[in-house]
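Residue-level structural notes
Spelled out, the chains give:
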Amino acid sequence: QVQLVESGGGLVQAGGSLRLSCAASGRTFSSYAMGWFRQAPGKEREFVAAISWSGGRTVYADSVKGRFTISRDNAKNTVYLQMNSLKFEDTAVYYCARSAGSDPVTVVAGRLTYWGQGTQVTVSS
(Lines give C-alpha, C1' and ligand atoms only; values in the text may rest on other atoms or scores of the structure.)
Protein backbone atom coordinates (compact mmCIF):
# COMPACT_ATOMS: atom_id res chain seq x y z
CA GLN A 1 0.00 0.00 0.00
CA VAL A 2 1.29 3.44 -0.95
CA GLN A 3 0.65 6.49 1.20
CA LEU A 4 1.15 10.07 0.07
CA VAL A 5 1.39 12.83 2.66
CA GLU A 6 1.39 16.48 1.62
CA SER A 7 2.76 19.32 3.68
CA GLY A 8 3.79 22.94 3.31
CA GLY A 9 0.45 24.60 2.75
CA GLY A 10 -0.59 27.75 4.56
CA LEU A 11 -1.63 31.36 4.29
CA VAL A 12 0.43 33.69 2.13
CA GLN A 13 -0.04 37.13 0.64
CA ALA A 14 -0.44 37.59 -3.08
CA GLY A 15 2.95 37.70 -4.73
CA GLY A 16 4.46 35.43 -2.12
CA SER A 17 5.84 31.90 -2.34
CA LEU A 18 5.23 28.48 -0.83
CA ARG A 19 6.81 25.09 -1.33
CA LEU A 20 4.65 22.02 -1.04
CA SER A 21 6.08 18.60 -0.32
CA CYS A 22 4.60 15.17 -0.87
CA ALA A 23 6.28 12.28 0.90
CA ALA A 24 5.54 8.81 -0.42
CA SER A 25 5.85 5.44 1.28
CA GLY A 26 6.86 2.33 -0.61
CA ARG A 27 9.87 1.20 -2.59
CA THR A 28 8.56 1.91 -6.09
CA PHE A 29 8.30 5.69 -5.88
CA SER A 30 11.03 6.27 -8.44
CA SER A 31 9.28 4.15 -11.07
CA TYR A 32 6.23 6.35 -11.49
CA ALA A 33 5.29 9.80 -12.66
CA MET A 34 3.85 12.10 -10.01
CA GLY A 35 1.49 15.01 -10.20
CA TRP A 36 -0.07 17.88 -8.34
CA PHE A 37 -3.74 18.80 -8.59
CA ARG A 38 -5.86 21.41 -6.85
CA GLN A 39 -9.49 21.97 -6.00
CA ALA A 40 -10.94 25.36 -5.16
CA PRO A 41 -14.28 25.72 -3.34
CA GLY A 42 -17.17 25.03 -5.67
CA LYS A 43 -14.91 23.94 -8.51
CA GLU A 44 -13.75 20.65 -9.92
CA ARG A 45 -10.30 19.28 -9.21
CA GLU A 46 -7.83 20.45 -11.84
CA PHE A 47 -4.39 19.43 -13.02
CA VAL A 48 -1.49 21.64 -11.95
CA ALA A 49 1.81 19.92 -12.79
CA ALA A 50 3.36 16.54 -13.48
CA ILE A 51 6.85 15.06 -13.52
CA SER A 52 8.29 11.91 -15.04
CA TRP A 53 9.82 9.08 -13.03
CA SER A 54 13.32 10.48 -13.49
CA GLY A 55 12.43 14.13 -13.18
CA GLY A 56 13.58 14.74 -16.73
CA ARG A 57 10.18 15.71 -18.10
CA THR A 58 7.64 18.09 -16.65
CA VAL A 59 4.22 19.32 -17.75
CA TYR A 60 2.33 22.34 -16.39
CA ALA A 61 -1.14 23.78 -16.63
CA ASP A 62 -1.16 27.06 -18.54
CA SER A 63 -2.43 28.86 -15.45
CA VAL A 64 0.75 28.11 -13.47
CA LYS A 65 3.39 27.94 -16.19
CA GLY A 66 6.34 30.17 -15.37
CA ARG A 67 5.29 30.53 -11.72
CA PHE A 68 5.26 26.95 -10.37
CA THR A 69 8.03 24.36 -10.54
CA ILE A 70 7.60 20.65 -9.87
CA SER A 71 10.60 18.58 -8.86
CA ARG A 72 11.37 15.30 -7.15
CA ASP A 73 14.02 13.65 -5.02
CA ASN A 74 13.81 9.90 -5.54
CA ALA A 75 16.31 9.25 -2.76
CA LYS A 76 13.85 10.89 -0.34
CA ASN A 77 10.67 9.56 -1.98
CA THR A 78 9.43 13.13 -2.18
CA VAL A 79 7.93 15.36 -4.84
CA TYR A 80 7.82 19.14 -4.48
CA LEU A 81 5.84 22.02 -5.87
CA GLN A 82 7.55 25.40 -5.65
CA MET A 83 4.92 28.09 -6.05
CA ASN A 84 6.05 31.65 -6.74
CA SER A 85 4.16 34.85 -7.57
CA LEU A 86 1.06 33.41 -5.96
CA LYS A 87 -2.31 34.85 -6.92
CA PHE A 88 -5.62 34.90 -5.11
CA GLU A 89 -6.97 32.43 -7.66
CA ASP A 90 -4.32 29.88 -6.62
CA THR A 91 -6.26 29.39 -3.39
CA ALA A 92 -7.26 25.73 -3.20
CA VAL A 93 -6.61 22.40 -1.57
CA TYR A 94 -3.57 20.92 -3.28
CA TYR A 95 -3.25 17.17 -3.76
CA CYS A 96 -0.38 15.03 -4.93
CA ALA A 97 -1.00 11.85 -6.83
CA ARG A 98 0.96 8.91 -8.17
CA SER A 99 0.44 7.84 -11.72
CA ALA A 100 0.01 4.35 -13.10
CA GLY A 101 2.86 5.01 -15.52
CA SER A 102 6.27 6.64 -15.74
CA ASP A 103 5.52 9.47 -18.18
CA PRO A 104 3.84 12.72 -17.11
CA VAL A 105 1.24 12.34 -19.87
CA THR A 106 -0.29 9.55 -17.79
CA VAL A 107 -0.89 12.10 -15.03
CA VAL A 108 -2.54 14.55 -17.41
CA ALA A 109 -4.66 11.69 -18.76
CA GLY A 110 -5.93 10.94 -15.27
CA ARG A 111 -4.33 7.52 -14.90
CA LEU A 112 -3.78 7.94 -11.18
CA THR A 113 -3.60 5.19 -8.61
CA TYR A 114 -2.91 6.93 -5.31
CA TRP A 115 -3.83 10.30 -3.81
CA GLY A 116 -2.74 12.25 -0.78
CA GLN A 117 -5.14 13.84 1.67
CA GLY A 118 -4.46 17.38 0.49
CA THR A 119 -2.99 20.55 1.96
CA GLN A 120 -4.71 23.94 2.03
CA VAL A 121 -3.13 26.90 0.28
CA THR A 122 -4.77 30.27 0.90
CA VAL A 123 -3.57 33.38 -0.91
CA SER A 124 -4.79 36.68 0.47
CA SER A 125 -5.26 39.57 -1.91
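Residue indices begin from 1 for each chain and proceed along its sequence in written order. Local features are withheld for residues below a pLDDT of 70 in this predicted model, meaning they are given only at 70 or higher, and side-chain atom pairs are given and counted only at 80 or more; totals for whole chains, interfaces and linings count all residues. To obtain the side-chain values, all non-hydrogen atoms of the structure were used and water was disregarded.

Describing the overall build of the chain
The following threshold applies: Note on conventions: DSSP H or I runs of at least 4 residues are helices, E runs of at least 2 residues are strands, and numbering of each starts at the N terminus. Using C-alpha atoms as the atom set, the radius of gyration is obtained and then compared with a globule rule of 2.2 Å times the number of residues to the power 0.38. For the exposure calls, accessible area comes from a 1.4 Å probe over protein chains only, and a residue counts as buried if that area is under 20% of its type's maximum, exposed if over 50%, partly exposed in between. Whether two residues are in contact is decided by their heavy atoms, any of which lying within 4.5 Å being enough. Using a 1.4 Å probe, accessible areas were evaluated by the Shrake-Rupley method; residue-level cover was limited to the displayed protein chains. Working convention for charge: Lys and Arg count positive, Asp and Glu count negative, and His plus the chain ends are omitted. Note that the charge is assigned to NZ on lysines, CZ on arginines, CG on aspartates and CD on glutamates.
Along the backbone of the chain there are one helix and eleven strands. In sequence order, the chain lays out its α and β elements as β-β-β-β-β-β-β-β-β-α-β-β. On C-alpha atoms alone, the chain measures out to a radius of gyration of 13 Å, which is about the 14 Å that the 2.2 N^0.38 rule sets for 125 residues. Its C-alpha atoms give the chain principal-axis dimensions of about 40 × 25 × 25 Å. Counting only residues that meet the buried cut, the chain has 46% of its 125 residues in that class. Counting only contacts in the chain whose residues sit at least 6 apart along the sequence, the fraction spanning at least 24 positions is 60%. Of the roughly 6200 Å² of accessible surface on the chain, a fraction of 48% belongs to carbon and sulfur atoms. Charge centroids of the chain, computed over 13 positive and 8 negative side chains, lie 6 Å from each other.

As for the side chain of Ser 99
Short version of the rule: Nitrogen and oxygen atoms within 3.5 Å of one another constitute a polar contact, given that in protein one can donate a hydrogen and the other can accept it, and given that sequence-neighbouring residues count only through two side-chain atoms.
For Ser 99, the location among the structural elements is in strand β9 (residues 92–99). A distance of 3.3 Å separates the side chain of Ser 99 from the backbone oxygen of Arg 111, its partner in a polar contact. In contact with Ser 99, other than residues within four places in its own chain, are Tyr 32, Ala 33, Thr 106, Val 107, Arg 111, Leu 112 and Thr 113.

Things to note about the sheet that holds strand β3 (residues 18–24)
Here is the rule we go by: Paired strands, in this sense, are two strands between which DSSP finds at least two bridges. Only the stretch in contact is used when fitting a helix axis, every axis being a line fitted to C-alpha atoms; angles between N-to-C directions are given from 0 to 180 degrees.
Here we have four strands laid out as an open sheet, ordered β1-β3-β8-β7, and antiparallel in their pairing. Among the strands making up the open sheet, the edge pair consists of β1 (4–7) and β7 (68–73). Put simply, the sheet's adjacent strands are angled 15 degrees from each other on average, direction ignored. Bridge count between β3 and strand β8 (residues 78–83): six bridges; the pairing is antiparallel. Across the sheet, Arg 19 pairs through a bridge with Gln 82, a residue of β8.

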